[in-house]
Amino acid sequence: MQDFAQHFINGLSLGSIYALIALGYTMVYGILQLINFAHSDVYMMGAFCSYYAARFLNLNDSQGLPSFVVLLMSSIIGCAILGFLIERLAYRPLRNAPKLNVLIAAIGVSLLLQYTGQSVFGDDPKVFPTVLPNVPVLEGSSFTVHSLDLVVLGVTLLTLLVLNLLIFRTRIGMAMRAVSQNMRVASLMGVNPNRIISATFILGSALAGVGSVLVGLKYPKVEPLMGTMIGMKAFIAAVLGGIGNLSGAVLGAVLMGLSEEMVVGYLSSTYRDALAFGILIAVLIFKPAGLLGRSATEKV
Amino acid sequence: MLSLFKQIEVKLDRKLRRKLNPSLKLKLILNRNLNLNLKPFLKASAGILLLSTCTKKDVILVGHFATMTGSEASFGTSTDEAIKMARDEVNAAGGIHGKKIEIITLDDQGRPELAAAMVKRLIEQDKVVAILGEVASTRTLAAAPIAQKSKIPLVTPSSTNPKVTQIGDYIFRTCFIDPFQGTVMANFTLNNLKLKKVAIFRDIKSDYSVGLADFFKARLLELGGTVVEDLSYQSGDVDFNGQLTKIKSAQPEAVFIPGYYTEVGLIALQARQAGIKAALLGGDGWESTKLYEIGKDAVEGGYFSNHYSGDSTDPIVVSFVKKYKEKYGRVPDGMAATGYDGAKILFQAIANAASPTPELIRDQLAMIKDYNGVTGKISMNEKRDAVKGAVVVQVTGKSTKFVQNVNP
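A quick note: this is a predicted structure, and the numbers were derived from the prediction, not measured.

Thresholds, definitions, all that
- Residues numbered from 1 in each chain as written.
- Chains lettered and ligands numbered in written order.
- Predicted model: local features only at pLDDT ≥ 70, side-chain atom pairs only at ≥ 80, totals over all residues.
- Heavy atoms only, no water.
- Helix = DSSP H or I, 4+ residues; strand = E, 2+ residues; numbered from the N terminus.
- Rg over C-alpha atoms; globule rule 2.2 N^0.38 Å.
- Buried < 20%, exposed > 50% of the residue type's maximum accessible area, 1.4 Å probe, protein only.
- Contact = heavy atoms within 4.5 Å.
- Areas by Shrake-Rupley, 256 points an atom, 1.4 Å probe, with all protein chains shown as cover.
- Lys, Arg positive; Asp, Glu negative; His and termini not counted.
- Charge placed at Lys NZ, Arg CZ, Asp CG, Glu CD.
- Salt bridge = Lys/Arg side-chain N within 4 Å of Asp/Glu carboxyl O.
- Core = buried A, V, L, I, M, F, W, Y, C linked by side-chain atoms within 4.5 Å.
- Domains from an automatic or database assignment.
- Pairing = 2+ DSSP bridges.
- Patch = residues over 30% accessible without salt bridge, like charges linked within 9 Å, V, L, I, M, F, W, Y side chains within 5 Å.
- Buried area = accessible area lost by both parts, 1.4 Å probe.
- Polar contact = N/O pair within 3.5 Å; in protein donor to acceptor, adjacent residues only side chain to side chain.
- Nonpolar A, V, L, I, M, F, W, Y, C, P; charged D, E, K, R; others polar.

## Considerations on the overall build of chain A
Then step 1. Within chain A, the secondary structure is distributed over eleven helices and four strands.
Then step 2. Over its C-alpha trace chain A gives a radius of gyration of 19 Å, about what one expects of a compact globule, namely 19 Å for 300 residues.
Then step 3. With the C-alpha coordinates of chain A rotated into their principal frame, the extents come out at 60 × 50 × 35 Å.
Then step 4. Classification of the 300 residues of chain A by burial places 54% in the buried group.
Then step 5. In chain A, the proportion of contacts linking residues at least 24 apart, taken out of those at least 6 apart, comes to 76%.
Then step 6. Taken as a whole, chain A presents about 13700 Å² of accessible surface, with 68% of it coming from carbon and sulfur.
Then step 7. Side chains of chain A give 18 positive and 13 negative charges; the mean places of these two sets differ by 19 Å.

## A look at the pattern of salt bridges
Then step 1. Enumeration over the complete set of coordinates arrives at 25 salt bridges over all chains.
Then step 2. Between B:Asp80 and B:Lys84 there is a salt bridge; the shortest N-O distance is 3.0 Å. Note that B:Asp80 and B:Lys84 are positioned in helix α3 (residues 73-92) at a spacing of four residues, about one turn of the helix.
Then step 3. Of the charged contacts, one joins B:Arg202 and B:Asp230 as a salt bridge, the two residues approaching to 2.8 Å between their closest N and O atoms. Here B:Arg202 is found in strand β6 (residues 197-203), whereas its partner B:Asp230 is found in strand β7 (residues 226-233), with 28 residues between them in sequence.
Then step 4. Given a relative accessible area of 26%, B:Asp230 falls into the partly exposed group.
Then step 5. Within the structure, one salt-bridge network assembled from shared partners comprises A:Lys233, A:Glu260, A:Arg272, A:Asp273 and B:Asp239.

## Description of the nonpolar core
Then step 1. A:Tyr91, B:Phe201 and B:Ile257 are the most contacted members of the largest nonpolar core, which totals 136 residues.
Then step 2. Composition of this core by domain shows at least three residues from each of domain 2 (59-174 + 314-386) and domain 3 (179-306) of chain B.
Then step 3. In this structure B:Ile257 touches B:Phe201, B:Tyr233, B:Val264, B:Ile267, B:Leu280, B:Leu281, B:Gly282 and B:Trp286, once residues within four positions along its chain are discounted.
Then step 4. One finds B:Ala130, B:Ala336, B:Ile350 and B:Ala386 within the second-largest nonpolar core, a separate group that totals 37 residues.

## Some words on the pairing of strand β14 (residues 390-396) of chain B
Residues and elements named next belong to chain B.
Then step 1. Of all the seven residues making up β14, six are buried; the element is thus mostly covered by neighbouring parts of the structure.
Then step 2. Across four bridges, strand β10 (residues 303-306) lies against β14 in antiparallel orientation. Paired with Tyr303 across the bridge in β14 is Gln394.
Then step 3. The pairing of β14 with strand β15 (residues 399-406) spans seven bridges and is classified as antiparallel. In the sheet register, Val391 faces β15, and the bridge partner there is Asn405.

## Considerations on the side chain of B:Asn161
Then step 1. With respect to the helices and strands, B:Asn161 occurs in the loop between β4 (154-156) and β5 (171-173).
Then step 2. For B:Asn161, a relative accessible area of 3% puts it in the buried group.

## With respect to a nonpolar patch on the surface
All names here are of chain A.
Then step 1. Residues Leu65, Val69, Met73, Ile77, Ile81, Phe84, Leu85, Leu89 and Ile202 make up a contiguous nonpolar surface patch of roughly 820 Å² in combined accessible area.
Then step 2. Along the polypeptide, Met73 turns up in helix α3 (residues 65-91).
Then step 3. Classification of Met73 as partly exposed rests on a relative accessible area of 43%.

## Considering the sheet that holds strand β13 (residues 386-387) of chain B
Then step 1. In space, the three strands of this open sheet follow the order β11-β12-β13 (chain B), with antiparallel pairing throughout. Two strands bound the open sheet, and with one partner strand each, they are β11 (371-373) and β13 of chain B.

## Observations concerning the interface of chain A and chain B
Then step 1. Contacts between chain A and chain B engage 27 residues on the former and 27 residues on the latter.
Then step 2. Counting each side, the surface lost to burial between chain A and chain B is near 2400 Å², with a carbon and sulfur contribution of 52%.
Then step 3. For the interface between chain A and chain B, the tally reads one salt bridge.
Then step 4. A:Arg272 is the partner of B:Asp239 in a salt bridge, and the nearest nitrogen-oxygen pair spans 3.5 Å.
Then step 5. If you look at where chain A meets chain B, you find eleven residue pairs in polar contact (both at pLDDT 80 or more).
Then step 6. Looking at the side of chain A that touches chain B, the elements with two or more residues in it are α1 (4-32), β1 (126-127), α10 (246-267) and α11 (272-286) of chain A.

## Some points on the domain arrangement of chain B
Residues and elements named next belong to chain B.
Then step 1. When its domains are assigned, chain B resolves into domain 1 (2-55), domain 2 (59-174 + 314-386) and domain 3 (179-306).
Then step 2. If you look at the interface, domain 2 gives 17 residues, while domain 3 gives 15 residues.
Then step 3. Taken together, the two surfaces of domain 2 and domain 3 that pack against each other cover about 1200 Å², and 51% of this comes from carbon and sulfur.
Then step 4. Among the residues of domain 2 in contact with domain 3, Phe75, Thr138 and Thr160 are the three that bury the most area, contributing 31% of the side total.
Then step 5. Put simply, domain 2 and domain 3 have zero salt bridges between them.
Then step 6. At the boundary of domain 2 and domain 3, one finds five residue pairs in polar contact (both at pLDDT 80 or more).
Then step 7. Only α3, α5 (137-150) and α12 (334-352) provide two or more residues apiece to the side of domain 2 that touches domain 3.
Then step 8. In the side of domain 2 that touches domain 3, the residues fall into six nonpolar, eight polar and three charged.

Rendered as structure tokens:
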């Protein structure tokens, strides 16, 4: 069991990144029962937003907190606008259409963003500016914790806390919960469902923006298809934790990161994804609604 | 504007339809649909006819399939630029058999299935007499059976996996093969660097990487070295911390990463962050300026085997580098050098053939001997593989430095 501490830290750090994306999936699903496949591509667009912002402002070499905040803001704003537009232009016209139509629209938007990315930004990988240094901050005999690991974990936990406060302690959160339970009755109570749904998309997409900057700092490679794999893993993490449940998404994502890491560490690096996904399938066989999800009869 | 006309048309149609009898109505609808649907097709097919009739007579068509977009795009663009430079030189000297060479480049986006489709298109639609193509062995392996079946010679300038030319007698290569490259790096590690404990980190999704890792490992064990860890990743991965943690605790003196530059850059970064101080070694897949952009200081000092070194003093290399710099404004990388040699050798074979037909070109390709190329002296052996040397280079600054010449 040598290196267990290091593998645990690596897994936790990877899981926190999945968690930020998984939160976006789970929020949209919670309110619309829609799997927003375009979410992973919003994340990709966020990475490009901050990449180009950095180039425009010549931030490539300057290291420090102010430039990190600038990157974060540009990505968040870009993603929020994109998320709002996607909902307004692609999903809202289909509000009363069957669920399957919206799902297909989501896949369409996802492909549109990927191919737009390929033709506009080009396909070759870009190098993300590392504005925050990734230095060892805590060194034990058999493990090292890097500064970015802490930043990622901290940002994820903070986001979870803020989201929970927002949804369970504020008026807009109450409206979100009402809309997710019954859109029509909520609108009879004076809630404007369209506005609430827009707000949910803006919030979820902004989270993807935060995730994209953190991933960019940790793995400094930006390309138009970067969202595909991480998006799939985050989506599965959301399902594992119980889709629609915020804490579940984070728990699922951390489990996902840890199981991937442990498979590499103690089983086989070749079957990393296969075994990691296999473990998750096993969990879902025994808990079909996910770890923290409530099983409810699906109205199809 | 167009849609406005369409709307008016539709409105008129509706008015007419009410008055006309059913058979006329049908005709009208058909007419309109035909008009709308067939026009682009008619135009396109006319264009193809025009093209195929006016280009075929006075030129020799050569196809090139390459990764012009995607994560290994720099391989394809470098190769294509060099091939076009070779074409311009031949055409400026009057062409071959009084005809000009024309290159048709198609993009396979880095996908093996598209590589096969593009080669099919080059053969069936464009009717090329020979094909140049692909750097990555996986994609050449996907496309070569089609060329073999149609009996069109295919020359790969840079695919190093031995299986490529085993596909058939129409498949040639003008670079060294992985057993040689693996042997070179294993020899270099043990004899020159004097490092014995080596970890291998291979890309399980790439034929090139797996093959190179196997040959390196075999030779290293033969010479008395030890492989302390042999792990894998998949191209497209971004997180390698799990594997690197294992590699670190195995305490190797060197890590051999026979992958492509995009991942190698990230692996090197994470390896240094994880505290691995061992020397990093690789193959010609490292060759790209992106390696230094992504890997930064982490790849500094790494060694890899390559086809040629730009700082060589050989007059052929000097003149090639000078011409390439004038044309494209940068120093040619290894793929440009192999692409240039591959194209030049193919043109030589076309010139040697009595007439530019695929069969005769094939026969001439098989007879290439002691061709003096940018990447060394090249001869074809009976397996249709080039027999030639390699160089070992070291990453220094944002470039590479010549370390050693290795001959077969």
